[in-house]
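Understanding the architecture of this molecule
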Amino acid sequence: MVLKIHGHAVAPLVRLVAEVCREKEVPYELVNVEVYKGEHKTPAFREFQPFGQVPYIDDDGFILYESRAICRYIAKKYASQGTPDLVPRDPKAEAIFEQAVSIETSNFYPFALGITTEKIIKKHRGLEPNEARLSDLVNNLKAKLDIYDVILGKQEYLAGGSITLADLFHLPYGTIVFEELGYDLLEDRPNVARWWKDITARPSWLAVKAKA
C-alpha cells in the first residue's frame, strides 16, 4: 500500500515530507485536505491529527503526525534506499545530527515562521503586519545566520560532511523568506549562501518546491 500524505499540496511542511519521500525513493499519494475551507479543523480530520494541522501520514494503517517525526520515520524505515544517512546510524554521528536539528528548531524555524506569519499569513487573514515584531524577527534571524556562517565555514552541512534531515528541514520556510519574500540575508554570509545553493538545487526539492 502506497504511503499517503494528508495535506494541502502547497503547505510548507507537506512539501517537506514529500521532499523526503523523494530523497528516499518512496512513492506517495497526496490526499488533498482543503485547508482554506477549514477541513483540517473538522472532527473527521482531528481524529487522526488532534491539533488540526497538516500533514499527517497513513502508512498502511500506521498514522503519524508532526512533520519532523514523519521525516525521521521515512528516513529510518527506508534507510537502505535513496539518499543515505539522512539520519545517521553511528551514535556519535546521530548525536551531532540531533544537535543540528536542534539548531534549526531553536535558531531558524521560529524566526522564519514568524516572518512568514507577519508577511503572508496575516495578509490572508486581512490583517496588517506588526512592523516592530517583523523587524525584531529579521534582526534575530540575521544574528543566527551569522553563527550558521561560522559553522558552515568549517563543514559542508550542518551535521558534518553529508546532507541530513537537519539541512532539509530548512527548505520550506527558508524558501519563503529568502526567495518568495526576497529577504537578502545570504549575500554577506558566503558559507550560508553556498550551503543554501546546494540544498535548494536538489532534484527532490525542485520537484516539490511549488507543490507536493
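Residues numbered from 1 in each chain as written. Predicted model: local features only at pLDDT ≥ 70, side-chain atom pairs only at ≥ 80, totals over all residues. Heavy atoms only, no water.

For the chain, the name recorded in an unreviewed UniProt entry is glutathione transferase, with Suillus discolor as its organism. What UniProt states about the chain under its Sequence similarities (unreviewed entry) heading is, verbatim, "Belongs to the GST superfamily. Phi family." The UniProt entry for the chain carries the following text under Catalytic activity (unreviewed entry): "RX + glutathione = an S-substituted glutathione + a halide anion + H(+)". (UniProt positions renumbered as here; feature names shortened; annotations may be inferred.)

The next point concerns the pairing of strand β2 (residues 28-32). Bridging between strand β1 (residues 3-7) and β2 involves 5 bridges; their strand directions are parallel. Each residue of the ladder has a partner; that of isoleucine 5, found in β2, is leucine 30. Note that the unit made of β1, helix α1 (residues 12-23) and β2 has a crossover that is right-handed. (Pairing = 2+ DSSP bridges. Helix = DSSP H or I, 4+ residues; strand = E, 2+ residues; numbered from the N terminus. Right-handed = clockwise from strand over helix to strand, strands pointing away.)

A pair of packed helices is characterised by two quantities: the angle between their axes and the separation of those axes. One can describe the packing of α1 onto helix α3 (residues 67-77) by two numbers: an axis separation of 10 Å at closest approach and a directional angle of 5°. As far as their axial angle goes, α3 and α1 are roughly parallel. Judged by residue contacts, Leu13, Leu16, Val17, Val20 and Cys21 of α1 engage Ser67, Ile70, Cys71 and Ile74 from α3. Residues belonging to the contact of α1 with α3 are distributed by class as follows: 8 nonpolar, 1 polar and no charged. (Axes fitted to C-alpha atoms, helices over the stretch in contact; angles between N-to-C directions. Parallel < 35°, antiparallel > 145°, perpendicular 65-115°, else oblique. Contact = heavy atoms within 4.5 Å. Nonpolar A, V, L, I, M, F, W, Y, C, P; charged D, E, K, R; others polar.)

Here we take up the nonpolar core. Grouped together as the largest cluster of nonpolar side chains are 63 residues, with contacts concentrated most on Ile5, Ile74, Tyr148, Leu165 and Trp195. Not counting the four nearest positions on each side in its chain, tyrosine 148 is found in contact with Ile103, Glu104, Phe108, Leu158, His170, Val192 and Trp195. (Core = buried A, V, L, I, M, F, W, Y, C linked by side-chain atoms within 4.5 Å. Buried < 20%, exposed > 50% of the residue type's maximum accessible area, 1.4 Å probe, protein only.)

Attention shifts here to the UniProt feature "domain: GST C-terminal" (unreviewed entry) in the chain. Per the UniProt record, "domain: GST C-terminal" (unreviewed entry) is annotated on residues 90-212. Between the first and last C-alpha atoms of residues 90-212 the distance is 31 Å; the span itself is 68% helix and 0% strand.

This brings us to unusual backbone geometry. Along the chain, valine 54 connects to proline 55 via a cis peptide bond; the corresponding omega equals 5°. In this structure, glutamate 25 is a non-glycine residue whose phi angle is positive, near 55°. Inspection of the secondary structure assignment puts glutamate 25 in the loop between α1 and β2. One non-glycine residue, aspartate 60, lies in the positive phi region at around 55°. Along the chain, the position of aspartate 60 falls in the loop between β3 (56-59) and β4 (62-65). Here aspartate 60 falls in the exposed class, since its relative accessible area comes to 56%.

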